[in-house]
Amino acid sequence: MVKSGEEEKIKRILTEPKKAAIKAMLEKDHAIDCIMLLHMGRGKWKEAKEFMRENGLTLSDGTFRARMIEIEELGLAKGERIDPLKKYYVKTELGEKVAKLLLEFFDKLSL
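Residues numbered from 1 in each chain as written. Predicted model: local features only at pLDDT ≥ 70, side-chain atom pairs only at ≥ 80, totals over all residues. Heavy atoms only, no water.

A separate point is the nonpolar core. The biggest cluster of nonpolar side chains holds 22 residues, and the ones touching the most others in it are Met25, Ile35, Leu59, Phe64, Met68, Ile71 and Leu76. Residue assignment for this core shows that the elements contributing at least two residues are α2 (17-26), α3 (31-39), α4 (45-54), α5 (61-73) and α6 (93-108). The biggest single contributor to this core is α3, with six residues. Once residues within four sequence positions are removed from consideration, Ile35 is found in contact with Met25, Leu26, Ile71, Leu76, Val98, Ala99 and Leu102. (Core = buried A, V, L, I, M, F, W, Y, C linked by side-chain atoms within 4.5 Å. Buried < 20%, exposed > 50% of the residue type's maximum accessible area, 1.4 Å probe, protein only. Helix = DSSP H or I, 4+ residues; strand = E, 2+ residues; numbered from the N terminus. Contact = heavy atoms within 4.5 Å.)

Mapped onto the fold, Thr63 is located in helix α5. A polar contact is formed between the side chain of Thr63 and the side chain of Ser60, at a distance of 2.9 Å. The contacts of Thr63, once residues within four sequence positions are left out, are Asp29 and His30. (Polar contact = N/O pair within 3.5 Å; in protein donor to acceptor, adjacent residues only side chain to side chain.)

To describe a pair of aromatic rings, one takes the distance between the centres and the angle between the planes. Applying the stated criterion across every chain, the model contains two aromatic pairs. Seen from their ring centres, Trp45 and Phe64 are 5.4 Å apart, and the 45 degrees between their planes marks the pair as tilted. Here Trp45 is found in helix α4, whereas its partner Phe64 is found in helix α5, with 19 residues between them in sequence. Like Phe64, Trp45 is buried. With a centroid separation of 4.9 Å and 75 degrees between ring planes, the pair formed by Phe105 and Phe106 is classed as edge-to-face. Take Phe105: its relative accessible area is 48%, and that puts it in the partly exposed class. (Phe/Tyr/Trp six-rings, centres within 6.5 Å; stacked < 30°, edge-to-face > 60°.)

Here we come to a positive patch on the surface. A surface patch of positive charge is lined by Lys44, Lys46, Arg65 and Lys86. Position of Arg65 relative to the elements: it lies in helix α5. For Arg65, a relative accessible area of 36% translates into the label partly exposed. (Patch = residues over 30% accessible without salt bridge, like charges linked within 9 Å, V, L, I, M, F, W, Y side chains within 5 Å. Areas by Shrake-Rupley, 256 points an atom, 1.4 Å probe, with all protein chains shown as cover. Salt bridge = Lys/Arg side-chain N within 4 Å of Asp/Glu carboxyl O. Lys, Arg positive; Asp, Glu negative; His and termini not counted. Charge placed at Lys NZ, Arg CZ, Asp CG, Glu CD.)

Here the focus is the side chain of Arg67. Checked against the element boundaries, Arg67 lands in helix α5. You can call Arg67 buried: its relative accessible area is 12%. Reaching out from Arg67, the side chain makes a polar contact with the side chain of Glu70 at a distance of 2.8 Å. When residues no more than four places from it in sequence are discounted, the contact partners of Arg67 are Lys28, Asp29, His30, Ala31 and Cys34.

Bringing the pattern of salt bridges into the picture now. Tallied over the entire structure, the rule returns 11 salt bridges. Glu80 is paired through a salt bridge with Lys78; the nearest N and O atoms lie 3.1 Å apart. The partly exposed category is assigned to Lys78, whose relative accessible area is 47%.

Here it is, written out as structure tokens:
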């Protein structure tokens, strides 16, 4: 059984629209990668692709764009137009908070 009060917290995560939307986005392919890229200031496709390749990781441009659109819609990033077809993304205050919480979460894992 979960501790007293934890069930209510879990219910809120699963049912409150904003929290449920963030949870759903985080479950998607490369969502955490994109949040970390934003945190590092690599919200432009070229910079994101370069970082991923340098580290032996893969990320397609379609996946990057799809996640960034979702991240922007949730208020974790703001898209800035480069030209009529291209955008670069910068983190918002909420995006910074989510990135720091994710970093803390992974930092506390003792594997």
